[in-house]
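# Chain and residue survey
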Amino acid sequence: MGTDIYMEWKGKTKEDAEKQMTGFSIDAGDVGYLRASIGMRSENAFLRMLFSVDKYWDKQEKIPYDFKSNFEILKELGFRYLICAYTGSDFQTTEQEHLEKQMSQNKLVMQILQKSNIYSEIKMDAVEDFRFAVMWLESVFKFF
């Protein structure tokens, strides 16, 4: 259970496909496989926003994905995801949210961080949680 995304591409070899069979690894973006297991609530929300459920998941046919255009969305979602991981809050989003809202929220966070010294007020659940978030997000970037 959870979210599994397998990349397809022209010229994909049998060896490429075999590399994607990782045993459900959550850090295999570099081989064209993304995973968020069922307990990874923030990561599932992230992938459902990045790969629109309405556009890609409800269809039976394979639809090309515009990696170049969606890279900007990845950057905005990634920033928000790391802020949530750092502060110990849930990454919550829906497929209906727009990139403009993401960008607006991200700019606001950056302004706050630049204008005030709130670092001592931030309570991170655990360093391991943040390191995990960074590792998982790096896999998503490698997928792109």
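Bear in mind the structure is a predicted one, so any value in this text is a computation, not a measurement. (Residues numbered from 1 in each chain as written. Predicted model: local features only at pLDDT ≥ 70, side-chain atom pairs only at ≥ 80, totals over all residues. Heavy atoms only, no water.)

With that settled, consider the overall build of the protein chain. In terms of helices and strands, the protein chain carries six helices and two strands. Buried positions account for 32% of the 144 residues belonging to the protein chain. For the protein chain, the proportion of contacts with a sequence separation of at least 24, taken over those separated by at least 6, is 70%. (Helix = DSSP H or I, 4+ residues; strand = E, 2+ residues; numbered from the N terminus. Buried < 20%, exposed > 50% of the residue type's maximum accessible area, 1.4 Å probe, protein only. Contact = heavy atoms within 4.5 Å.)

Another point: a nonpolar patch on the surface. There is a patch of nonpolar side chains on the surface, built from Tyr-6, Met-21 and Phe-24 and spanning about 350 Å² of accessible area. Mapped onto the elements of the fold, Phe-24 is located in the loop between α1 (14–19) and β2 (33–37). (Patch = residues over 30% accessible without salt bridge, like charges linked within 9 Å, V, L, I, M, F, W, Y side chains within 5 Å. Areas by Shrake-Rupley, 256 points an atom, 1.4 Å probe, with all protein chains shown as cover. Salt bridge = Lys/Arg side-chain N within 4 Å of Asp/Glu carboxyl O.)

This brings us to the packing of helix α2 (residues 41–50) against helix α4 (residues 67–87). Contact geometry of α2 with α4 gives a least axis separation of 10 Å together with a crossing angle of 160°. Judged by the angle between their axes, α2 and α4 are roughly antiparallel. Between α2 and α4 lies a crossing of right-handed hand. Here Ser-42, Glu-43, Phe-46, Met-49 and Leu-50 of α2 lie close against α4, whose contacting residues are Asn-70, Ile-73, Leu-74, Leu-77, Gly-78 and Tyr-81. Its residues assigned to classes, the contact of α2 with α4 comprises seven nonpolar, three polar and one charged. (Axes fitted to C-alpha atoms, helices over the stretch in contact; angles between N-to-C directions. Parallel < 35°, antiparallel > 145°, perpendicular 65-115°, else oblique. Left-handed = near helix turned anticlockwise from the far one by under 90°. Nonpolar A, V, L, I, M, F, W, Y, C, P; charged D, E, K, R; others polar.)

With that settled, consider the pairing of strand β1 (residues 2–6). On any regular strand, side chains alternate: one points to one face of the sheet, the next to the other face. The two faces of β1 differ: Thr-3 and Ile-5 on one face are buried, but Gly-2, Asp-4 and Tyr-6 on the other face are not. The pairing of β1 with β2 spans five bridges and is antiparallel. Paired with Tyr-6 across the two strands is Tyr-33, which belongs to β2. (Pairing = 2+ DSSP bridges.)

Attention shifts here to the confidence of the model for the protein chain. Interpreting fine coordinate detail is not advised for predicted regions of low pLDDT. Taken over all residues, the pLDDT of the protein chain has a mean of 80, while the share at 70 or more is 76%. By mean pLDDT, the top-scoring element of the protein chain is α1 (95), and the lowest-scoring one is helix α5 (residues 99–115) (66). (pLDDT = per-residue confidence, 0-100.)

Glancing now at the nonpolar core. Ranked by internal contacts, the top residues of the largest apolar core, which has 24 residues, are Phe-46, Leu-47, Leu-50, Phe-51, Trp-136 and Val-140. Of all elements in the fold, only β2, α2, α4 and α6 (127–143) reach the threshold of two or more residues within this core. Beyond its immediate stretch of four places on either side in the chain, Leu-50 contacts Tyr-65, Asn-70, Ile-73, Leu-74, Leu-77, Val-140 and Phe-144. (Core = buried A, V, L, I, M, F, W, Y, C linked by side-chain atoms within 4.5 Å.)

Once that is clear, we can look at the environment of Cys-84. Along the chain, Cys-84 falls in helix α4. Assessed through its relative accessible area of 10%, Cys-84 is described here as buried. With 42 residues separating them in the primary sequence, Cys-84 and Ser-42 have C-alpha atoms 8.9 Å apart.

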